[in-house]
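The lines below spell out each chain.
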Amino acid sequence: MLRREDAMNSVFYISAAVAILSTVMVITRLNAVHALLYMIVSLLSVALIFFVLGAPFAAALEVIIYAGAIMVLFVFVIMMLNLGERARTQEALWLKPGTWMGPSLLALVLALELVYILAGTGVTPVTPAEITPKQVGIALFGPYLLGVELASLLLLAGLVAAYHLGRRAGQSDSGTGDKS
Amino acid sequence: MASLPMEHGLILAAILFSLGLAGVLVRRNIIFMLLSVEIMLNAAGLAFIVAGYAQGQPDGQVMFIFILTMAAAKVSVALALVLQFYRGFKTLDVDAADRMRG
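If you're wondering where the values come from, they're calculated on a predicted model, not measured in any experiment.

Q: Before we move on, could you go through the overall build of chain B and cite the residues and values that matter?
A: Scanning chain B for helices and strands turns up three helices and zero strands. Starting at the N terminus and walking to the C terminus, you meet the elements of chain B as α-α-α. Whereas a compact globule of 102 residues would reach a radius of gyration of roughly 13 Å, chain B reaches 17 Å, over 25% beyond that. Seen through its principal axes, chain B has C-alpha atoms that stretch 55 × 25 × 20 Å. Across the 102 residues of chain B, 62% fall into the buried class. Within chain B, counting contacts between residues at least 6 apart in sequence, those at least 24 apart form 55% of the total. Counting only carbon and sulfur atoms, one obtains 65% of the accessible surface of chain B, whose full area is about 3700 Å².

Q: Tell me about the packing of helix H1 (residues 4-28) of chain A against helix H2 (residues 30-55) of chain B, residues and numbers included.
A: Relative to each other, H1(A) and H2(B) sit at 160°, their axes nearing to 10 Å. In terms of axis orientation, H1(A) runs roughly antiparallel to H2(B). Relative to H2(B), H1(A) is oriented so that their crossing is left-handed. Residues Thr23(A), Val26(A) and Ile27(A) of H1(A) pack against Phe32(B), Leu35(B), Ser36(B) and Ile39(B) of H2(B). Among the residues forming the contact of H1(A) with H2(B), the class breakdown is five nonpolar, two polar and no charged.

Q: Describe the environment of Ala14(B), and please don't skip the residues or the numbers.
A: Mapped onto the fold, Ala14(B) is located in helix H1 (residues 6-26). For the pair Ala14(B) and Ala44(B), spaced 30 residues apart in sequence, the C-alpha to C-alpha distance is 8.5 Å. Setting aside its immediate chain neighbours within four residues, Ala14(B) contacts Leu114(A) and Leu118(A).

Q: Residue-level account of helix H5 (residues 97-120) of chain A, with values.
A: With 24 residues, H5(A) ought to run about 34 Å at 1.5 Å a step, and its terminal C-alpha atoms sit 33 Å apart, in line with that. Of all the positions in H5(A), only Pro103(A), Ala107(A), Ala111(A) and Leu118(A) are classed as buried. Elements in contact with the buried residues of H5(A): H1 of chain B. Gly122(A) lies just past H5(A) and shows a positive phi near 85°.

Q: A description of the side chain of Ser42(A) should follow, citing residues and the corresponding values.
A: Mapping Ser42(A) onto the fold places it in helix H2 (residues 32-52). For Ser42(A), a relative accessible area of 4% corresponds to the buried category.

Q: I'd like a rundown of the interface of chain B and chain A, residues and numbers included.
A: The interface of chain B with chain A comprises 69 residues on the first partner and 83 residues on the second. Between chain B and chain A lies a buried interface of about 7100 Å² when both sides are counted; carbon and sulfur atoms form 77% of it. On inspection of chain B and its partner chain A, the count reaches one salt bridge. Measuring nitrogen to oxygen at the nearest pair gives 2.5 Å for the salt bridge that ties Arg27(B) to Glu91(A). Where chain B touches chain A, the interface holds seven residue pairs in polar contact (both at pLDDT 80 or more). Contributions of two or more residues to the side of chain B that touches chain A are made by H1, H2 and helix H3 (59-89) of chain B. Counting residues per element, the side of chain B that touches chain A draws most heavily on H3(B), which supplies 23 residues. Residues of the side of chain B that touches chain A, tallied by class, amount to 46 nonpolar, 16 polar and seven charged.

Q: An account of the side chain of Thr69(B) is needed here, citing residue identities and associated values.
A: When you line up the elements, Thr69(B) lands in helix H3. Exposure remark for Thr69(B): the relative accessible area of 14% places this residue in the buried category. Setting aside anything within four residues of it in sequence, one finds Thr69(B) in contact with Ala151(A) and Leu155(A).

Q: Give a detailed account of the packing of aromatic side chains, specifying residues and quantitative values.
A: Scanning all chains against the criterion turns up four aromatic pairs over all chains. Each ring, one from Phe12(A) and one from Tyr13(A), has its centre 5.2 Å from the other, and the planes form 80°; the classification is edge-to-face. By relative accessible area, which is 37% here, Tyr13(A) ends up partly exposed. Taking the ring centre of Phe32(B) as reference, the NZ or CZ of Arg27(B) above it sits at 3.8 Å.

Q: Please provide a residue-by-residue account of the nonpolar core, values included.
A: Membership of the largest hydrophobic core comes to 75 residues, with the highest contact counts inside it found for Phe74(A), Leu81(A), Ile31(B) and Leu46(B). Mapped onto this core, the elements with two or more residues apiece are H1, H2, helix H3 (56-81), H5 and helix H6 (133-140) of chain A together with H1, H2 and H3 of chain B. Those residues in contact with Ile31(B) that sit more than four places away from it in its chain are Phe74(A), Val77(A), Ile78(A), Leu81(A), Val82(B) and Leu92(B).

Q: Please provide a residue-by-residue account of a nonpolar patch on the surface, values included.
A: Residues Leu146(A), Leu150(A), Leu153(A), Leu156(A), Leu159(A) and Val160(A) make up a contiguous nonpolar surface patch of about 630 Å² in total accessible area. Along the chain, Val160(A) turns up in helix H7 (residues 145-174).

Rules used in this analysis
Residues numbered from 1 in each chain as written. Chains lettered and ligands numbered in written order. Predicted model: local features only at pLDDT ≥ 70, side-chain atom pairs only at ≥ 80, totals over all residues. Heavy atoms only, no water. Helix = DSSP H or I, 4+ residues; strand = E, 2+ residues; numbered from the N terminus. Rg over C-alpha atoms; globule rule 2.2 N^0.38 Å. Buried < 20%, exposed > 50% of the residue type's maximum accessible area, 1.4 Å probe, protein only. Contact = heavy atoms within 4.5 Å. Areas by Shrake-Rupley, 256 points an atom, 1.4 Å probe, with all protein chains shown as cover. Axes fitted to C-alpha atoms, helices over the stretch in contact; angles between N-to-C directions. Parallel < 35°, antiparallel > 145°, perpendicular 65-115°, else oblique. Left-handed = near helix turned anticlockwise from the far one by under 90°. Nonpolar A, V, L, I, M, F, W, Y, C, P; charged D, E, K, R; others polar. Expected span 1.5 Å × (residues − 1). Buried area = accessible area lost by both parts, 1.4 Å probe. Salt bridge = Lys/Arg side-chain N within 4 Å of Asp/Glu carboxyl O. Polar contact = N/O pair within 3.5 Å; in protein donor to acceptor, adjacent residues only side chain to side chain. Phe/Tyr/Trp six-rings, centres within 6.5 Å; stacked < 30°, edge-to-face > 60°. Lys NZ or Arg CZ within 6 Å of the ring centre and 35° of its normal. Core = buried A, V, L, I, M, F, W, Y, C linked by side-chain atoms within 4.5 Å. Patch = residues over 30% accessible without salt bridge, like charges linked within 9 Å, V, L, I, M, F, W, Y side chains within 5 Å.

Function-wise, these values are silent; they only describe arrangement.
Shown next as structure tokens:
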């Protein structure tokens, strides 16, 4: 009979393995849509990890905003570009072992160093406590109010920039004779 | 609720971050590079959540929300740029944009 905490720990390790495997698949796929679907799997497993770590609000946001909104934006752009088979053969040409071996080796060395440093510091005792959305909201609109205002400014800037870039593209497509 | 050592969560974040870094370095397709940057941002968010879990404080989740906002703004601008890029160069190869003024 497993204790509940042990079961939750296994949930963490299993979803960590799923996250790592699906992320490896994301960076190795040739077809962009396949990579996006693997990315959604990775994000969902990270959301599960958030839930296990007592952050249900962050888990919900991860599913709604990352897996929901941001990935759908990527899907829309890929659909608009309409790449097809030609892009896949191009990717196959680019992804030769000589190309990916060097950077992957360097990233692997960095990852091993990070893991070595983190594993060498010993185990920090943790007192598990679930952090409710209410606590997060109180912190967000209390000490972090200035950050919220800055984030709203950032979102406004993103909105204006996306509108500006998208509008210019639309004008050059419509062929009104504007040869600027 | 799990009772994990904080280091295991941080190791997972480090591995995911390195995978994203490898993706940025290896791929030449600009969409895959953006996706890899998303992986790295997500790993940073995971590190914040793990830190908040270890301290029992909501600050980690607050920082995760800020990272989420930043990622959303970045993706909207970057994908609009990708559309412009594809209209201009008819390819998604980042090497096509190695000169100023196209």
